[in-house]
Amino acid sequence: VKFHEGLGRVAEDARRLDPYDATCRSFYVRVDGVGFTNWSKTHGIAKPYDGAVHGAFVSAAAETMRYFRQKGLGVVAAYTQSDEVTFLCQGPAVLYRGASDGTRRLLTLFTSVFSKRFEQALRATKPEAAAEAYFEARVVAAVTRSASILALVWRRLDATRNASSQALRHLHGVRVQEELP
């Protein structure tokens, strides 16, 4: 089993736990851009890196962390890569425990708060792009902090591989990445 595949299995196992479960020690919420490849082309976003867009991601992440910390959620850290932001939180989740579907409500709120903050941050430099940026969110919860960290490492490797492929295509016209044995 390759290292990346083993981490992927840990990440999949972690998805079976609800962030509200009393055994959840940590969870992360990943907010991901929807259709950002086409969005980038439509709005002339510089590839492979656009400083204004990255700045909007960082600003929106910081504001989203502040919002949830004020609501009592233990958001420990956030990082951004490509068109996504990952928020690492202490478990179990404490918001909306009484809701009929607390996890869905948590994800909906993360998506809406982040989307609004992203639009506000990008509006001054790219108003049309800001108005048409859409996001979705996923949650991964874990019984142990180490399992959550392994799931994060797997996602980081996966996102890095995706970003490397995009940069190779854009900068060098490479269409297929060959994996070393």
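Residues numbered from 1 in each chain as written. Predicted model: local features only at pLDDT ≥ 70, side-chain atom pairs only at ≥ 80, totals over all residues. Heavy atoms only, no water.

## Details of the overall build of the protein
Move 1: Broken down by element type, the protein carries 6 helices and 4 strands.
Move 2: Roughly 10,000 Å² of accessible area belongs to the protein as shown, and the carbon and sulfur atoms make up 53% of that amount. (Helix = DSSP H or I, 4+ residues; strand = E, 2+ residues; numbered from the N terminus. Areas by Shrake-Rupley, 256 points an atom, 1.4 Å probe, with all protein chains shown as cover.)

## A closer look at the sheet that holds strand E2 (residues 75-81)
Move 1: Taken in spatial order, the 4 strands line up as E2-E3-E1-E4 in an open sheet, and their pairing is antiparallel. Each edge of the open sheet is held by one strand with a lone partner, namely E2 and strand E4 (135-142). Mean inter-strand twist for the sheet, computed between neighbouring axes without regard to direction, equals 15°.
Move 2: Direction of pairing for E2 relative to strand E3 (residues 84-90): antiparallel, over a ladder of 6 bridges. Residue pairing for E3: Gln-81 is matched across the bridge by Glu-84.
Move 3: Along the sheet, helix H3 (residues 51-70) contacts E2, E3 and E4; its crossing angle with E2, the most-contacted strand, is approximately 165°.
Move 4: In this fold helix H4 (residues 102-122) packs onto strand E1 (26-33), E3 and E4, with an angle of close to 135° to the strand it touches most, E4. (Pairing = 2+ DSSP bridges. Axes fitted to C-alpha atoms, helices over the stretch in contact; angles between N-to-C directions. Contact = heavy atoms within 4.5 Å.)

## Points about the state of the cysteines
Move 1: Per the stated rule, a full pass over the model turns up 0 disulfides.
Move 2: This cysteine, Cys-24, is not joined by any disulfide, and Cys-89 carries the nearest cysteine sulfur, 9.3 Å off.
Move 3: Residue classification places Cys-89 among the buried positions, given a relative accessible area of 2%. (Disulfide = S-S within 2.5 Å. Buried < 20%, exposed > 50% of the residue type's maximum accessible area, 1.4 Å probe, protein only.)

## Observations regarding the packing of H3 against H4
The geometry of a pair of packed helices is captured by two quantities: the angle between their axes and the separation between those axes.
Move 1: Two elements in contact, H3 and H4, have axes separated by 8 Å at closest approach and are oriented at 135°. When the axis of H3 is compared with that of H4, the two are oblique. Here H3 runs over H4; the crossing is right-handed. Counted together, Ala-52, Val-53, Ala-56, Phe-57, Ser-59, Ala-60, Ala-61, Glu-63, Thr-64, Tyr-67 and Phe-68 of H3 and Leu-109, Phe-110, Val-113, Phe-114, Arg-117, Phe-118, Ala-121 and Leu-122 of H4 form the full contact between these two elements.
Move 2: Classifying every residue of the contact of H3 with H4 by side-chain character gives 15 nonpolar, 2 polar and 2 charged. (Parallel < 35°, antiparallel > 145°, perpendicular 65-115°, else oblique. Left-handed = near helix turned anticlockwise from the far one by under 90°. Nonpolar A, V, L, I, M, F, W, Y, C, P; charged D, E, K, R; others polar.)

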